[in-house]
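For reference, the chains in residue letters:
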Amino acid sequence: MAVSAHLRKDRKRPVRTEDGRMALTDHLREFRNRLFISVAAIFVASIVAWVFYGQLTDLLLSPILDVGKQLAKTKGIKSQPVVSGVSSSFLLQTKVSLVAGIVGSSPVWLYQMWAFITPGLHRHERRWTIIFVSVAGPLFMAGVTLGYVILPKGLSVLIGFTPGQVTNLIDLNDYLSFVIRVLLVFGVAFEIPLFVVMLNLAGIVKA
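About the cut-offs
- Residues numbered from 1 in each chain as written.
- Predicted model: local features only at pLDDT ≥ 70, side-chain atom pairs only at ≥ 80, totals over all residues.
- Heavy atoms only, no water.
- Helix = DSSP H or I, 4+ residues; strand = E, 2+ residues; numbered from the N terminus.
- Contact = heavy atoms within 4.5 Å.
- Areas by Shrake-Rupley, 256 points an atom, 1.4 Å probe, with all protein chains shown as cover.
- Polar contact = N/O pair within 3.5 Å; in protein donor to acceptor, adjacent residues only side chain to side chain.
- Phe/Tyr/Trp six-rings, centres within 6.5 Å; stacked < 30°, edge-to-face > 60°.
- Buried < 20%, exposed > 50% of the residue type's maximum accessible area, 1.4 Å probe, protein only.
- Salt bridge = Lys/Arg side-chain N within 4 Å of Asp/Glu carboxyl O.
- Pairing = 2+ DSSP bridges.
- Expected span 1.5 Å × (residues − 1).
- Bend = angle between axes of the 7 residues up to and from the residue.
- Core = buried A, V, L, I, M, F, W, Y, C linked by side-chain atoms within 4.5 Å.
- Axes fitted to C-alpha atoms, helices over the stretch in contact; angles between N-to-C directions.
- Parallel < 35°, antiparallel > 145°, perpendicular 65-115°, else oblique.

A look at the overall build of the chain
Each helix and strand counted, the chain has seven helices and two strands in total. For the chain, restricting intrachain contacts to residue pairs at least 6 apart in sequence, the fraction spanning at least 24 positions comes to 79%. As presented, the chain carries roughly 13,200 Å² of accessible surface, and 69% of it is formed by carbon and sulfur atoms.

Section: the side chain of Gln 112
Positionally, Gln 112 belongs in helix α5 (residues 106-117). Polar side-chain contacts of Gln 112 include one of 2.9 Å to the side chain of Arg 34. Once residues within four sequence positions are removed from consideration, Gln 112 is found in contact with Arg 34, Ile 37 and Ser 38.

Regarding the packing of aromatic side chains
Taken as a whole and judged by the stated rule, the model has two aromatic pairs. Between the aromatic rings of Trp 50 and Phe 90, the centroid separation amounts to 6.1 Å while the plane-to-plane angle is 70°, which identifies the pairing as edge-to-face. On the criterion of sequence distance, the pair formed by Trp 50 in helix α2 (residues 24-51) and Phe 90 in helix α4 (residues 88-104) is long-range, its members being 40 residues apart. Assessed through its relative accessible area of 36%, Trp 50 is described here as partly exposed.

Section: the pattern of salt bridges
Scanning the model with the defined rule gives one salt bridge in all. Across the salt bridge formed by Arg 34 and Glu 30, the nearest N and O atoms sit 3.1 Å from each other. Pair noted here: Arg 34 and Glu 30 are both in helix α2, with a separation of four residues, about one helical turn.

Focus on the pairing of strand β1 (residues 78-82)
Going residue by residue along β1, you find Ser 79 and Pro 81 tucked away on one face and Lys 78, Gln 80 and Val 82 left uncovered on the opposite face. For β1 and strand β2 (residues 167-171), the ladder comprises five bridges, and the chain directions are parallel. Paired with Val 82 across the bridge in β2 is Asp 171.

A look at helix α7 (residues 172-201)
Between its first and last C-alpha, α7 extends 44 Å over 30 residues, near the 44 Å set by a 1.5 Å rise per residue. Most pronounced at Glu 191, the bend in α7 amounts to some 25°, and the proline Pro 193 follows within four residues. Looking at where α7 begins, the residue whose side-chain oxygen comes 3.0 Å from the main-chain nitrogen of Asn 173 is Asp 171.

Here's the deal with the nonpolar core
Ranked by size, the top nonpolar core spans 34 residues in total, and within it Ile 64, Leu 110, Phe 132, Ile 159 and Tyr 175 carry the most contacts. Counting only elements with at least two residues in this core, the list comes to α3 (53-74), α4, α5, α6 (126-159) and α7. The element contributing the most residues to this core is α7, with eleven residues.

Quick look at the packing of α3 against α7
Running from amino to carboxyl end, α3 crosses α7 at an angle of 100°, the nearest separation of the two axes being 11 Å. By the angle between their axes, α3 is roughly perpendicular relative to α7. Contact residues: Leu 60, Leu 61, Pro 63 and Ile 64 in α3; Leu 172, Tyr 175, Leu 176 and Val 179 in α7.

Structure representation (structure tokens):
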């Protein structure tokens with residue numbers, strides 16, 4: 001019984017060759033495990049974000065409300081965030097919580113991504129993984145922060161095209177979709193140089 005249990009346990013472990021290669025089944029199993037960890041981290045972070053939904057909403061609405069007040073004073077343009085539909089508020093909270101969970105758990109799923117695409121690292125190359133983990137998360141957050149800082153400028157330009165005789169009713173779902181795209185694009189853009197450098201050091205991509 002003990003021998004058979006030991007053999008079953010060994011079969012679950014990925015078998016690597018000296019150059020770091022694995023069988024296809026082991027590779028798929030590792031992908032499943034890392035995907036599960038990433039999804040679990042996003043799920044837990046989303047639950048935490050759901051609890052603090054009020055604070056997150058205030059943070060996300062602050063740019064559009066400030067821009068609306070500024071344009072009303074300088075150009076006489078009126079704008080008002082609105083929600084329409086019975087289920088819109090619930091979908092709005094779900095979307096905000098999920099995106100906040102993705103951003104908050106970024107160090108976890110970025111590490112899982114890096115660990116999966118570089119299975120053949122040698123012992124002296126493991127420090128690259130430590131560097132990646134310590135730099136990837138802050139870089140992503142820095143990109144998101146920069147996107148949030150310049151967001152009012154973009155909103156001011158876009159809403160500024162509204163004629164003075166018209167009130168711009170801004171659907172919150174559309175607004176948050178726009179904000180999410182901007183923040184994620186900036187976050188991912190900050191990761192691209194790191195990915196290129198690390199893949200080059202690992203020998204996967206040539207300079």
